[in-house]
Amino acid sequence: MSAEHDRPDLPDSLGAWLALLEQRHGQRIELGLERVAAVRDRMAAESDAVLITVGGTNGKGSCCAMLESILLAAGYRVGCYTSPHLLRYNERVRVDGHEVDDGALLRAFAAVEVARGDTVLTYFEHGTLAAWQVFADAALDVVILEVGLGGRLDAVNVFEPDCALVTSIAMDHMDYLGDTREAIGFEKAGIFRAGRPAVCGDPQPPVTLVEHAAEIGAALWISGRDFGFGGDRQQWGYWRYAEPPAQGALVKRGGMAYPALRGANQLLNAAAVMTVLETLRDRLPVSMQHVRQGLMLVDVPGRFQVLAGRPAIVLDVAHNPQAAGVLADNLGNMGFYPETWAVLGMLNDKDVEGVVSLMAGRVDHWRLASLPGGRGLSAEALAARVRAAGGKGDIACYGSPIEALTAAQGEVGDDDRIVVFGSFLTVADALAALKAARRA
């Protein structure tokens with residue numbers, strides 16, 4: 001591919017490309033498939049890889065990482081596209097478990113630019129097509145694509161999955177997806193395909209999701225009905241029926257160590273991932289040894305990530321009530337800590353009160369951070385909403401997550417813990433600061 005050599009006017013660095021895409025399209029989110037599909041067809045980037053699409057409100061990143069880790073352990077060549085990133089854009093596009101380098105992204109961005117002509121693409125749409133170009137060039141066995149927002153009208157949905165997974169359905173992005181769980185469920189179900197397996201990791205899926213799968217003839221596997229898990233403190237086991245809905249022989253896989261990802265909710269994710277692999281076993285056979293190895297090695301920064309040392313620091317990108325409830329439960333299972341210091345920064349279109357109400361019982365001190373941009377909520381505005389939602393303890397406001405984290409580190413006791421949450425931006429800022437401090 002030599003598109004970048006044919007257009008000397010194109011950016012010559014990844015940073016310049018990202019800046020161009022940011023400023024070119026004022027509205028970062030514009031749902032719809034026509035423009036993306038048209039550019040995809042002009043690109044003619046083909047791949048014979050098995051394609052797995054992963055959507056859902058929470059748990060998408062964890063499921064993508066588990067699938068990637070297991071399939072790599074089984075010896076397959078794997079491409080994985082996720083979003084957003086924490087520290088580097090390259091995190092979004094991985095081949096064989098490694099972030100692709102700037103050069104590969106520059107060539108792919110240029111290929112999309114040449115193919116798009118006068119078609120206007122958003123930042124996410126351009127990046128999604130570029131990731132597909134990278135994967136097509138790499139001759140992979142499997143490609144895993146994470147939905148950015150919703151499903152039905154998300155850019156990722158222009159590609160045809162061999163299996164689609166919806167991890168969970170909860171209230172988030174209501175301005176785009178609807179203000180009821182049923183409306184959101186319909187949007188998530190848009191990634192399902194006729195005659196192909198569709199997995200739902202939510203044990204209580206909206207009726208709209210179930211009905212849509214039936215209408216198009218997708219083979220829908222539902223957690224708790226067609227597959228599930230059980231276990232004790234030492235190990236866990238997986239079960240599934242031969243075919244949905246809950247029919248045929250019962251298949252069991254036992255004696256598995258818990259996934260390396262922390263949190264009780266990860267078994268829900270792992271069981272859904274196991275089901276995806278079971279539905280694709282004729283094309284992607286995976287042994288239980290590879291499953292165990294993959295789950296033991298999986299790692300996703302920012303998802304209930306507990307850093308080593310004292311005081312304990314927990315990083316979690318939880319930014320909606322469902323995720324906050326899981327975070328609160330996971331904090332409760334960590335053991336005793338005299339006091340918990342929250343470093344919180346959120347966007348103004350999120351359910352701040354819903355998040356805070358679920359975390360209020362776990363937090364003794366609030367260190368609030370302003371987030372940048374038009375969607376960023378100021379620390380002062382956040383403080384009022386924290387109080388209104390029942391947040392107890394003292395509250396202090398800071399200009400950024402780094403400032404809020406630094407303040408908390410200066411006050412916290414060695415046996416206490418700090419939990420950083422509320423947004424990818426909050427966690428990314430804190431993580432960058434922590435890494436810089438360790439290098440110093």
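Quick summary incoming for the structure in this document.

Criteria and thresholds
Residues numbered from 1 in each chain as written. Predicted model: local features only at pLDDT ≥ 70, side-chain atom pairs only at ≥ 80, totals over all residues. Heavy atoms only, no water. Pairing = 2+ DSSP bridges. Helix = DSSP H or I, 4+ residues; strand = E, 2+ residues; numbered from the N terminus. Right-handed = clockwise from strand over helix to strand, strands pointing away. Core = buried A, V, L, I, M, F, W, Y, C linked by side-chain atoms within 4.5 Å. Buried < 20%, exposed > 50% of the residue type's maximum accessible area, 1.4 Å probe, protein only. Contact = heavy atoms within 4.5 Å. Polar contact = N/O pair within 3.5 Å; in protein donor to acceptor, adjacent residues only side chain to side chain. 1 Å grid on protein atoms, 1.4 Å probe; cavity = no way out; pocket = protein on both sides within 12 Å on 5 of 7 lines; lining within 4 Å. Points joined across faces, edges and corners; volume = space filled by probe spheres on them. Nonpolar A, V, L, I, M, F, W, Y, C, P; charged D, E, K, R; others polar. Axes fitted to C-alpha atoms, helices over the stretch in contact; angles between N-to-C directions. Parallel < 35°, antiparallel > 145°, perpendicular 65-115°, else oblique. Left-handed = near helix turned anticlockwise from the far one by under 90°.

## What about the sheet that holds strand β1 (residues 50-55)?
Then step 1. What the eight strands build is an open sheet, ordered β4-β3-β2-β5-β1-β6-β7-β8; its pairing is mixed. Here the strands that pair on one side only, and so sit at the sheet edges, are β4 (98-99) and β8 (219-222).
Then step 2. One ladder, built from four bridges, connects β1 with strand β6 (residues 163-166); its direction is parallel. By the bridge assignment for β6, T53 is matched with A164.

## Overview of the pairing of strand β16 (residues 394-398)
Then step 1. Of the strand pairs in this sheet, strand β15 (residues 365-369) and β16 are connected by five bridges, and their pairing is parallel. Counterpart to H365 in the pairing with β16 is D394.
Then step 2. Once you follow β15 into helix α14 (residues 379-388) and on to β16, the crossover reads as right-handed.

## Structural notes on the nonpolar core
Then step 1. Grouped together as the largest cluster of nonpolar side chains are 60 residues, with contacts concentrated most on F109, F135, L145 and F192.
Then step 2. Counting residues per element, this core draws most heavily on helix α6 (residues 123-138), at ten residues.
Then step 3. With residues near it in sequence (within four places) discarded, L145 still touches L51, I52, T53, V54, Y81, W132, F135, V156 and F159.
Then step 4. Counting residues in each nonpolar core, the second largest holds 39 residues, with I52, C80, L165 and A270 among its members.

## Side note on the side chain of E113
Then step 1. Tracing the chain through its elements places E113 in helix α5 (residues 102-116).
Then step 2. A polar side-chain atom of E113 sits 2.9 Å from a polar atom in the side chain of R24.

## With respect to the pairing of strand β13 (residues 312-315)
Looking along a regular strand, one sees the side chains alternate between the two faces of the sheet.
Then step 1. Where burial is concerned, the two faces of β13 agree: the one with A312 and V314 and the one with I313 and L315 are both buried.
Then step 2. When strand β12 (residues 305-307) meets β13, the two strands line up antiparallel, connected through three bridges. Across the sheet, the residue bridging to Q305 is L315, located in β13.

## Quick notes on the layout of surface pockets
Gaps left between atoms are located by rolling a probe of water-molecule size over the structure's atoms.
Then step 1. When its volume is computed, the second largest pocket comes out at roughly 590 Å³.
Then step 2. Lining the second largest pocket are 27 residues, with E91, R94, D299, V300 and P301 sitting closest to its centre.
Then step 3. Mapped by element, the contributors of at least two residues to the lining of the second largest pocket are α4 (60-73) and α16 (424-439).
Then step 4. The element best represented in the lining of the second largest pocket is α4, accounting for five residues.
Then step 5. Broken down by class, the residue content of the lining of the second largest pocket amounts to ten nonpolar, seven polar and ten charged.

## Digging into the sheet that holds strand β10 (residues 236-243)
Then step 1. As summarised here, the arrangement of the three strands in space is β9-β10-β11, forming an open sheet in which the pairing is antiparallel. Each edge of the open sheet is held by one strand with a lone partner, namely β9 (227-231) and β11 (247-256). Neighbouring strand axes in the sheet, compared pairwise and without regard to direction, differ in orientation by 20° on average.
Then step 2. Summarising the sheet, β9 and β10 pair through five bridges and their orientation is antiparallel. Across the sheet, residue G230 finds its bridge partner in β10, namely G237.
Then step 3. Running at roughly 40° to β10, helix α10 (residues 266-279) makes contact with β9, β10 and β11 of the sheet.
Then step 4. Sheet strands in contact with helix α11 (residues 288-297) are β10 and β11, and its direction is about 55° off that of β11.

## Points about the packing of α4 against α10
Then step 1. Interaxial distance between α4 and α10 falls to 9 Å at its minimum, and their mutual angle equals 50°. The angle between the axes of α4 and α10 places the two elements in the oblique class. Between α4 and α10 lies a crossing whose hand is right-handed. Residue-level contacts link S62, C63, M66, L67, I70 and L71 of α4 to Q266, N269, A270, V273, V276 and L277 of α10.
Then step 2. Considered class by class, the residues forming the contact of α4 with α10 number nine nonpolar, three polar and no charged.

Everything listed here is a matter of geometry and, on its own, says nothing about what the molecule does.
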